[in-house]
Amino acid sequence: MCLHSYQTKFMEPFSASWYEAVSPLPKDLGDLMSGLLLHRVQENCPVFLSRRKHLPLQSIFKVYDANSQLLQTHDAPLNAAAILEAAQQRQMDHGNGKWWSEQQSGKWWS
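Residues numbered from 1 in each chain as written. Predicted model: local features only at pLDDT ≥ 70, side-chain atom pairs only at ≥ 80, totals over all residues. Heavy atoms only, no water.

### A few points about the overall build of the chain
Summing up its helical and strand segments, the chain has three helices and five strands in all. Scored against the burial criterion, the 110 residues of the chain give a buried share of 17%. Taking as baseline every contact in the chain between residues at least 6 positions apart, the subset at least 24 positions apart corresponds to 45%. Roughly 9100 Å² of accessible area belongs to the chain as shown, and the carbon and sulfur atoms make up 56% of that amount. (Helix = DSSP H or I, 4+ residues; strand = E, 2+ residues; numbered from the N terminus. Buried < 20%, exposed > 50% of the residue type's maximum accessible area, 1.4 Å probe, protein only. Contact = heavy atoms within 4.5 Å. Areas by Shrake-Rupley, 256 points an atom, 1.4 Å probe, with all protein chains shown as cover.)

### Considering the pairing of strand 1 (residues 7-12)
In terms of strand pairing, strand 1 meets strand 2 (residues 17-22) through six bridges, oriented antiparallel. Opposite F10, over in strand 2, you have Y19 as the bridge partner. What sits between the antiparallel neighbours strand 1 and strand 2 is a turn of four residues, in which A16 has the positive phi angle 65°. (Pairing = 2+ DSSP bridges.)

### Looking at the nonpolar core
Judged by nonpolar contacts, L25, L29, L57, I60 and F61 together constitute the single largest core of five residues. In contact with L57, other than residues within four places in its own chain, are G30, M33 and S34. (Core = buried A, V, L, I, M, F, W, Y, C linked by side-chain atoms within 4.5 Å.)

### Examining the environment of Q69
With respect to the element layout, Q69 can be found in the loop between strand 4 (61-63) and strand 5 (71-74). Sequence separation of Q69 and A21 is 48 residues, and the distance between their C-alpha atoms is 9.0 Å.

### Thoughts on the sheet that holds strand 2
Taken in spatial order, the three strands line up as 1-2-5 in an open sheet, and their pairing is antiparallel. Strand pairing shows two members of the sheet lacking a second neighbour, strand 1 and strand 5, which therefore form its edges. Taken pair by pair, the neighbouring strands of this sheet meet at an average axis angle of 25°, ignoring direction. Summarising the sheet, strand 2 and strand 5 pair through four bridges and their orientation is antiparallel. The residue of strand 5 that forms the bridge with W18 is H74. (Axes fitted to C-alpha atoms, helices over the stretch in contact; angles between N-to-C directions.)

### Regarding helix 1 (residues 27-34)
Within helix 1, the full set of buried residues consists of L29, G30 and S34. Along helix 1, the residues classed as buried sweep out an arc of 140° about the axis, all on the same side. (Arc of directions from axis to C-beta.)

### Digging into the pattern of salt bridges
Side-chain pairs of opposite charge can arise where the charged atoms are in close proximity. According to the stated counting rule, one finds one salt bridge in the structure shown. A salt bridge links D31 to K27; the shortest N-O distance between them is 2.6 Å. Here the residue D31 and the residue K27 both occupy positions in helix 1, the gap between them amounting to four residues, near one helical turn. (Salt bridge = Lys/Arg side-chain N within 4 Å of Asp/Glu carboxyl O.)

Structure, rendered in structure tokens:
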């Protein structure tokens, strides 16, 4: 079993700056995926970054430039207010025990 977070976007709470961090595919996970049979790639599929070249996966992965920045700051998304409002609501619900009752019923996300 493997778990990898390729991209994370978040707001730094003190400055309200938005960041995007990218973590290219690690070599060991790329090696594992290279052994899988890739039948087809969806048209206009985004190309993801990888730490190494994996020939069987070259249609979906490219080797990243080690001199490029993997953490970038950018303007807030258009729905930033809605994201913050939803996060505040989840935090308030968590304080009221709502999160626990939803967890027990099998509902994890609102």
